[in-house]
Amino acid sequence: MTAARSIGGTILEVDAVSLAFGGVKALTEVSFDVREHEIRAIIGPNGAGKSSMLNVINGVYRPQRGTITFRGVPRHGMNPYDAASSGIARTFQNIALFKGMSVLDNIMTGRNLRMKASFLEQAIWIGRARREELDNRARVEAIIDFLEIQHIRRTPVGRLAYGLQKRVELARALAAEPALLLLDEPMAGMNVEEKQDMCRFILDVNAEFGTTIVLIEHDMGVVMDICDRIVVLDYGRKIGDGAADEIRGNQAVIDAYLGVAH
Amino acid sequence: MTDAPGTFPGRVFAHAKAIPDHPATREKDLGIWQTWTWREVAAEVRAMACGLASMGFRAGMHLAIVGDNRPRLYWAITAAQALRGVPVPMYQDAPAAEFAYVLNDAEVAYAIVEDQEQVDKLIEARPGVPTLAHVIYDDPRGLRDYDGVTSYEELVARGRAFDAANPGFFDAALAAVRPDDIAIMLYTSGTTGRPKGVRQSHRAFIAAAEGSVAFDKLSPADSILSYLPMAWVGDHLFSYAQWVVAGFTINCPESGDTVMTDLREIGPTYYFAPPRVFENLLTQLTIRMEDASALKRWLYRSCLAIARRCGAAILDGQPVPVTDRILYAIGNVLIYAPLRNVLGMSRVRVAYTAGAAIGPDLFRFYRSIGINLKQFYGSTETCAYVCLQPDGAVKLDTVGLPAPSVEVKVADDGEVIVRGPMLLAEYYKRPDATAESIDAAGYFHTGDAGYFGDDGQLRIIDRAKDVGKLAGGSLYAPNYIENKLKFFPYIKEAVAFGAGRERVCAFLNIDMGSVGDWAERRNLAYSGYADLAAKPEVRALMRECVEKVNAELAADPKLAATQVHRFLVLHKELDPDDDELTRTRKVRRGFIADKYRVLVDALYGGKAVEHIETEVKFEDGRRGIVAADLVIEDVAPRPSARAAA
């Protein structure tokens with residue numbers, strides 16, 4: 001299925017990024033690239049620096065050294081607002097939704113950056129505000145349909161099962177119509193059926209919208225099945241990079257995962 | 001109605017002329033109800049039919065239809081019929097292997113399906129189905145890169161081009177359709193043996209629909225929710241035949257999970273559901289009421305007590321004391337009307353249930369709060385049209401009076417036999433089965449055992465071949481016992497054994513929802529289905545239910561000997577995917593007896609515990625093994641009423 005989707009040029013270039021928290025080196029000279037329309041995985045044992053890498057890409061952390069080039073614009077560091085407005089959206093390892101708000105409202109927040117109407121216009125519901133709201137709602141409904149969550153449209157997120165909350169979070173990220181989607185362990189804590197559903201949604205998002213996806217995942221089966229290329233981190237260093245088959249045969253990766261006799 | 005066209009497509013185009021702007025179909029899509037008028041439906045049907053014709057679909061060919069209730073799939077039925085082809089709706093939740101049987105039996109070359117899930121199943125089945133050449137899909141999602149499949153849009157575009165190039169084609173095709181052409185082929189659920197294709201003519205199904213439409217005075221102003229499997233004869237009668245004959249509006253839900261919400265938004269005037277749907281609704285309601293405040297609970301209980309006393313009588317127009325009428329009117333304002341609103345039944349004029357026996361409490365509940373719930377009787381072979389309950393004479397234990405233009409008799413051996421215009425033309429490629437079920441006098445043998453009461457209404461006891469005798473000679477009707485057990489909300493399925501044996505024994509399936517809730521209220525921890533089913537407390541609960549059923553059986557001298565002596569609670573849910581139930585959820589008793597032979601032997605062999613390993617199929621087609629040690633419970637039978645007297 002992935003064969004017909006044409007993978008384009010480089011959309012994100014991570015060049016020699018190093019990140020340290022005091023004496024702890026989270027990332028050391030990590031470089032890799034992400035091409036347009038591909039699904040790229042970052043894997044590695046616990047504490048390898050995977051989430052830190054994601055946080056660097058969307059501006060939560062500022063690396064001490066290195067550059068990140070997104071859509072041709074090189075930067076040393078950015079804040080999450082700039083990342084979001086330049087087309088990077090993400091989901092979190094520990095779900096970060098508004099628990100008391102309905103699924104619909106949560107996904108609508110993903111459209112926030114697309115709304116141009118002023119506070120006053122929105123308050124008295126005139127002109128642009130009304131038009132924008134209808135427009136955005138139509139987009140959100142398309143995403144609700146896409147992720148098959150019509151039945152929980154009006155349900156407060158806090159009352160949903162974990163697997164569904166994960167799906168709502170994906171919906172909110174998609175609502176921003178990102179060029180680059182970062183998924184932090186989208187399948188953690190899910191049962192087999194939920195994992196299969198999530199895999200299908202990730203592949204469908206990639207195929208239908210052409211969204212470039214970078215994901216962190218522990219389930220090797222999932223990663224090998226759905227990703228085009230894989231970056232392997234261990235102790236903050238890149239130890240492997242390539243297609244699933246190359247990674248499977250990479251001795252450094254095998255050592256990192258299985259341990260090695262010294 | 002006599003001058004109305006004698007075929008379904010003829011009638012669709014007649015509506016497009018007579019009531020062009022009346023809504024024919026609605027579907028909730030992207031959160032908004034979309035409407036198609038009869039004129040628009042006719043235009044879509046025309047384009048689809050021309051599209052199919054341009055792809056080589058000809059008279060006599062079969063068009064497989066697979067998916068949830070989608071407007072385009074209903075229209076596809078008409079499009080195929082307009083070309084004198086035969087639509088074959090299939091159960092959308094069946095796995096690919098089951099598809100293959102029907103596809104091969106019907107030599108299907110053309111299929112129109114809902115989405116990627118169904119396309120994948122057809123592709124999986126394709127190597128074993130050499131005839132299958134064309135697959136058309138409705139929802140393009142995920143299908144972008146598939147080869148050899150056609151989108152609905154493409155089909156319709158081709159159709160419009162074909163129509164423009166061959167101006168007289170469609171009208172000529174439509175005019176060529178005869179009332180005696182086969183209009184639909186529906187497969188039986190196959191309680192025993194392989195499913196058979198039941199072929200019904202336009203004439204038969206239109207007769208059934210006209211009879212029932214007149215019986216309940218349905219008109220274009222009515223509105224229904226179409227949410228039952230399209231392959232089931234019940235849905236075909238209610239959502240297609242009656243729709244086309246009466247010209248009312250069908251509403252397709254947004255998804256299978258949103259039916260409750262959609263029901264409330266639409267507020268249908270005419271409603272049809274199998275008993276389990278009514279049961280689920282009541283269970284949800286009861287659970288929610290238990291969480292309500294004390295005042296509300298008290299109000300609910302007292303109002304329902306009044307409703308139980310006089311609600312059904314008021315609905316039937318019987319004399320009721322004035323005080324009760326006043327109390328009922330107050331109850332209506334406070335509880336019944338809001339309740340009907342929550343259930344989405346505020347506007348329901350006529351509601352039907354059929355397909356299985358309905359529990360007395362359940363039936364009484366809906367009627368007492370003012371919902372005109374009735375029963376009918378029919379089968380795939382009779383267009384689901386044999387007996388109907390008239391307003392004012394609704395009873396729990398009957399299935400009604402013979403429907404207009406239908407002759408119903410009880411044969412000497414107790415089997416119900418019927419004759420009328422709604423009978424099947426034939427079983428597809430099974431002249432032997434056709435000859436076996438329709439006798440020389442033209443009566444169809446339903447296979448059901450029943451009798452007429454003094455009120456002229458028919459009562460069905462059981463499947464005729466299931467009615468047997470215990471070794472001691474007493475009459476034994478397994479279905480009757482199973483239904484009594486299943487009326488308890490805690491029991492989802494029951495399988496009784498006893499034909500030719502000394503005593504009756506039974507397998508029970510707990511209802512995960514209500515037993516789970518029951519356990520929660522008692523702080524009983526459990527990890528899953530098998531664990532919950534194995535709890536001694538749950539077995540005790542089941543024993544209470546069995547004892548109550550035994551008490552009822554003991555009260556009937558004819559059936560006192562068939563009390564349940566021993567039972568066990570199964571460790572897994574009986575499932576159509578494991579062939580234990582049919583797709584319409586009827587138990588396949590013979591298959592189950594074979595599959596669980598060790599358990600049956602243990603029940604009759606006097607063992608107290610038995611170990612069992614069962615293979616289960618998961619939804620994605622993988623298999624696994626479930627093992628359990630099942631404890632067998634002994635129940636002391638009650639003395640029979642006659643013996644005690």
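Treat the numbers as computed from the prediction; the structure is a model and nothing was measured. (Residues numbered from 1 in each chain as written. Chains lettered and ligands numbered in written order. Predicted model: local features only at pLDDT ≥ 70, side-chain atom pairs only at ≥ 80, totals over all residues. Heavy atoms only, no water.)

K.L.:
Give me unusual backbone geometry: which residues, what numbers.
P.N.:
Most peptide bonds take the trans configuration, and most residues that are not glycine carry a negative phi. In this structure, Y235 of chain A takes a positive phi of about 45° despite not being glycine. Tracing the chain through its elements places Y235 of chain A in the loop between β9 (229-234) and β10 (237-242). For Y235 of chain A, a relative accessible area of 69% corresponds to the exposed category. With a phi close to 70°, S405 of chain B is a non-glycine residue in the positive phi region. Within the secondary structure, S405 of chain B sits in the loop between β16 (401-402) and β17 (407-410). (Helix = DSSP H or I, 4+ residues; strand = E, 2+ residues; numbered from the N terminus. Buried < 20%, exposed > 50% of the residue type's maximum accessible area, 1.4 Å probe, protein only.)

K.L.:
Tell me about the interface of chain A and chain B, and name the residues and values.
P.N.:
Taken together, the contact between chain A and chain B spans 18 residues of the former and 19 residues of the latter. Carbon and sulfur atoms make up 42% of the area that chain A and chain B hide from each other, which totals about 1400 Å². For the salt bridge of E254 of chain B with R153 of chain A, the shortest nitrogen-to-oxygen distance reads 2.3 Å. At the boundary of chain A with chain B, the tally comes to four residue pairs in polar contact (both at pLDDT 80 or more). Among the elements of the structure, α5 (127-146) and α7 (192-209) of chain A are those that each provide at least two residues to the side of chain A that touches chain B. The biggest single contributor to the side of chain A that touches chain B is α7 of chain A, with eight residues. Looking at the side of chain A that touches chain B residue by residue, the class counts come to seven nonpolar, three polar and eight charged. (Contact = heavy atoms within 4.5 Å. Buried area = accessible area lost by both parts, 1.4 Å probe. Salt bridge = Lys/Arg side-chain N within 4 Å of Asp/Glu carboxyl O. Polar contact = N/O pair within 3.5 Å; in protein donor to acceptor, adjacent residues only side chain to side chain. Nonpolar A, V, L, I, M, F, W, Y, C, P; charged D, E, K, R; others polar.)

K.L.:
How would you summarise the pairing of strand β24 (residues 491-497) of chain B if you had to cite specific residues and measurements?
P.N.:
Residues and elements named next belong to chain B. Judged by how many residues are buried, β24 sits mostly within the fold: six of seven residues are covered. Strand direction decides the pairing type here: β24 and strand β25 (residues 504-510), joined by six bridges, are antiparallel. Bridged to I491 within β25 is I510. (Pairing = 2+ DSSP bridges.)

K.L.:
So what's going on with the confidence of the model for chain A? Residues and values would help.
P.N.:
With 96% of its residues at a pLDDT of 70 or more, chain A has an overall mean of 88. Mean pLDDT values for the elements of chain A range from 79 in helix α4 (residues 119-124) of chain A up to 95 in strand β8 (residues 212-216) of chain A. (pLDDT = per-residue confidence, 0-100.)

K.L.:
Any details on the packing of aromatic side chains? Residues and values, ideally.
P.N.:
Residues and elements named next belong to chain B. In total, this model carries 25 aromatic pairs over all chains according to the counting rule given. Relative to Y110, the ring of F57 has its centre 5.2 Å away and its plane inclined at 90°; by these criteria the two rings are edge-to-face. Here F57 is found in the loop between α2 (38-54) and β3 (62-66), whereas its partner Y110 is found in strand β5 (residues 110-113), with 53 residues between them in sequence. Each member of the pair, F57 as well as Y110, is classed as buried. Aromatic side chains F238 and Y270 sit 5.2 Å apart centroid to centroid with 25° between the ring planes, which places their arrangement in the stacked category. With F238 in helix α9 (residues 233-246) and Y270 in strand β12 (residues 270-272), this residue pair connects regions lying 32 residues apart in the sequence. The same class applies to F238 as to Y270, namely buried. Members of the aromatic cluster, connected to one another through ring pairs, are W232, F238, F248, Y270, F272, Y352 and F376. (Phe/Tyr/Trp six-rings, centres within 6.5 Å; stacked < 30°, edge-to-face > 60°.)

K.L.:
I'd love a proper account of the sheet that holds strand β4 (residues 65-70) of chain A, names of residues and values included.
P.N.:
All names here are of chain A. Taken in spatial order, the four strands of this open sheet run β2-β1-β4-β5, and their pairing is antiparallel. Only two strands of the sheet have a single neighbouring strand rather than two, namely β2 (24-35) and β5 (73-75). Between one strand axis and the next, the sheet turns through 15° on average, direction left out of account. The pairing of strand β1 (residues 10-21) with β2 spans eight bridges and is classified as antiparallel. (Axes fitted to C-alpha atoms, helices over the stretch in contact; angles between N-to-C directions.)

K.L.:
For the packing of helix α12 (residues 294-315) of chain B against helix α13 (residues 322-342) of chain B, give the residues involved together with the corresponding values.
P.N.:
Residue and element names in this part refer to chain B. At their nearest, the axes of α12 and α13 sit 9 Å apart, and the two run at 115° to each other. Seen from above, α12 lies across α13 with left-handed handedness. For the pair α12 and α13, the contacting residues are L299, Y300, C303, L304, I306, A307, R309, C310, G311 and I314 in the first and D324, R325, L327, Y328, G331, L334, I335, Y336 and L339 in the second. Among the residues forming the contact of α12 with α13, the class breakdown is 14 nonpolar, two polar and three charged. (Left-handed = near helix turned anticlockwise from the far one by under 90°.)

K.L.:
Could you give an account of the pattern of salt bridges, with specific residues and numbers?
P.N.:
Pairing of side chains with opposite charge becomes possible as their charged atoms draw close. Tallied over the full model, the rule gives 67 salt bridges over all chains. Here R40 of chain A and D241 of chain A are joined by a salt bridge, their closest N and O atoms 2.9 Å apart. You can see R40 of chain A sitting in strand β3 (residues 39-43) and its partner D241 of chain A sitting in strand β10, a full 201 residues away along the chain. For D241 of chain A, a relative accessible area of 28% corresponds to the partly exposed category. Between E153 of chain B and R72 of chain B there is a salt bridge; the shortest N-O distance is 3.3 Å. Here E153 of chain B is found in helix α6 (residues 152-165), whereas its partner R72 of chain B is found in helix α3 (residues 71-82), with 81 residues between them in sequence. E153 of chain B gets classed as partly exposed once you look at its relative accessible area, which sits at 41%. Residue R72 of chain B is classed as partly exposed on the basis of its relative accessible area, which comes to 22%. Residues participating in the shared-partner salt-bridge network are D33, E38, R40, R229, K238 and D241 of chain A.

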